[in-house]
Amino acid sequence: MDYDILIIGAGPIGLACGIEAKKKGLSYIIIEKGCLVNSLYNYPQNMTFFSTSERLEIGDIPFISNNLKPTRSEALEYYRRVTLYFDLNVRLFEEVLDLKGVQGSFEVKTSKNFYKAKNIIVSTGFYDIPNWMGVEGENLSKVFHYYNDPSYFAIQKVMVVGASNSSVDAALECYRKGAEVTMVIRNGEISDRVKYWVKPDIENRIKEGSIKAYFNSEIKSIKEDVVLINTPNGDLQLDNDFVLALTGYQPNFSFLQHLGIMLEGRNRYPKYDEASMETNRKGVYLAGVVCGGMDTHLWFIENSRIHAEIIISHIVSE
Ligand SMILES: Cc1cc2nc3c(=O)[nH]c(=O)nc-3n(C[C@H](O)[C@H](O)[C@H](O)COP(=O)(O)OP(=O)(O)OC[C@H]3O[C@@H](n4cnc5c(N)ncnc54)[C@H](O)[C@@H]3O)c2cc1C
């Protein structure tokens, strides 16, 4: 099992790298620890992308959506069809654990196999590790760092932490399924990054009191039936059934370091050359959202699809 390129992660960008490698006649394998486009599979069931469908396209294959913005299920279908169309060499439910050797003769250990590859592309995303709030009670089973379906929370007292797209979508959906929703927001307003067509909706629901929001506030501790929050007017204890702590996610930094990739600065940016996407470890490349370190808004599908071409051109020219 000897390849020109081994790609870690079958997200949209890992798949784009596979397509580009195939187009250039290189041998490659894509290893994915979960299902195909695992991160997207784990997004909320009713999620809508902020991008229009053509901006999520890879391999020049049109992404047809009947909606203004495509949905999660349309994206799952699109990336599945693209994978089959190009007959990509993907191994699913196999985790990359270790990397030894140097460019030209890397040895990769996975949960199921050993592989040899001349080059490695790391496109492992950022959706596997939630940012913990670090408060007492956060590990209770009523606290979720991933949100899926609002129906689960009907007729329940739900606290949503944060004011990003994920938090706002969850708050609105749960409210519309009959939950009593309270938002706890560290800043003084709803984030400017919230989708422009959703922002007025949440702001008006807060204004009319349908959704309660505490701004400039933070959770102090969580118990089975209450949550203690700190507000500008002092501490408050609120009755509560569930907490949706949608406080963002981070790349697997220890995995990156284990691969020998250096991390720099407060945001732990992985070190790579922007012209080639090659990291400080020769022959190991970075692609996709993982490039942004803690700055997980920096790269997304739209603007990181290009990494595939940059990397493969560099490998071909070496
Ligand atoms: C709710 C939400 C909405 C979004 N909307 C948009 C949008 O509208 N437009 C847009 O452009 N972007 C959007 N994004 C961002 C976009 O989804 C990500 O940027 C995108 O998934 C990045 O693709 P990727 O291939 O780099 O990483 P991912 O899709 O995260 O793929 C990484 C893959 O690597 C796998 N992996 C990790 N470690 C290992 C390992 N050790 N071995 C094997 N496999 C491994 C993971 O399981 C995963 O499948 C959104 C993100 C979220 C959370």
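Where an unreviewed UniProt entry is consulted, the protein appears under the name Fumarate reductase/succinate dehydrogenase flavoprotein domain protein, with the organism given as Pseudopedobacter saltans.

Undergrad: So what's going on with the overall build of the protein? Residues and values would help.
TA: Each helix and strand counted, the protein has eight helices and 19 strands in total. Based on the C-alpha atoms only, the size of the protein along its principal axes is roughly 60 × 40 × 35 Å. Here the protein holds 318 residues, and 51% of them are scored as buried. Intrachain contacts of the protein at a sequence separation of at least 6 include 61% that bridge at least 24 residues. Summing over all exposed atoms, the protein offers an accessible surface of approximately 15,300 Å²; the carbon and sulfur share of this is 49%. Within the protein, the 40 negative side-chain charges are centred at a point lying 1 Å from the centre of the 34 positive side-chain charges.

Undergrad: Residues and numbers for the packing of aromatic side chains, please.
TA: Tallied over the full model, the rule gives 18 aromatic pairs. For the ring pair Tyr127 and Tyr249, a centre distance of 4.5 Å and an interplane angle of 55° mean the geometry is tilted. Here Tyr127 is found in the loop between β6 (114–122) and β7 (129–130), whereas its partner Tyr249 is found in strand β16 (residues 249–250), with 122 residues between them in sequence. For the pair Tyr127 and Tyr249, one class covers both residues: buried. When the ring of Tyr147 is compared with that of Phe153, the centres are 6.4 Å apart and the planes differ by 25°; the resulting orientation is stacked. Here the aromatic residues Tyr43, Phe126, Tyr127, Tyr146 and Tyr249 are joined through ring pairs into a cluster of three or more.

Conventions and cut-offs
- Each chain carries its own residue numbering, running from 1 in the direction its sequence is written.
- Given that the model is predicted, a residue must reach a pLDDT of at least 70 before its local features are reported, and side-chain atom pairs must reach 80 or more before they are shown or counted; all residues, however, enter totals for whole chains, interfaces and linings.
- Only hydrogens and water are set aside when side-chain values are computed; all heavy atoms of the structure are taken into account.
- By definition, any uninterrupted DSSP run of H or I lasting at least four residues is a helix, any uninterrupted run of E lasting at least two residues is a strand, and each is numbered from the N terminus.
- Any residue under 20% of the maximum accessible area for its type is buried, any over 50% is exposed, and the rest in between are partly exposed; the area is computed with a 1.4 Å probe on protein chains only.
- Only heavy atoms matter for contacts: two residues are in contact if any of them lie within 4.5 Å across the pair.
- Accessibility throughout is a Shrake-Rupley quantity obtained with a 1.4 Å probe, and a residue counts as covered only by protein chains that appear here.
- Working convention for charge: Lys and Arg count positive, Asp and Glu count negative, and His plus the chain ends are omitted.
- We put the charge of a Lys on NZ, of an Arg on CZ, of an Asp on CG and of a Glu on CD.
- Pairing of aromatic side chains here covers Phe, Tyr and the six-membered ring of Trp, requires ring centres within 6.5 Å, and sorts the geometry by plane angle: under 30 degrees stacked, over 60 edge-to-face, intermediate tilted.

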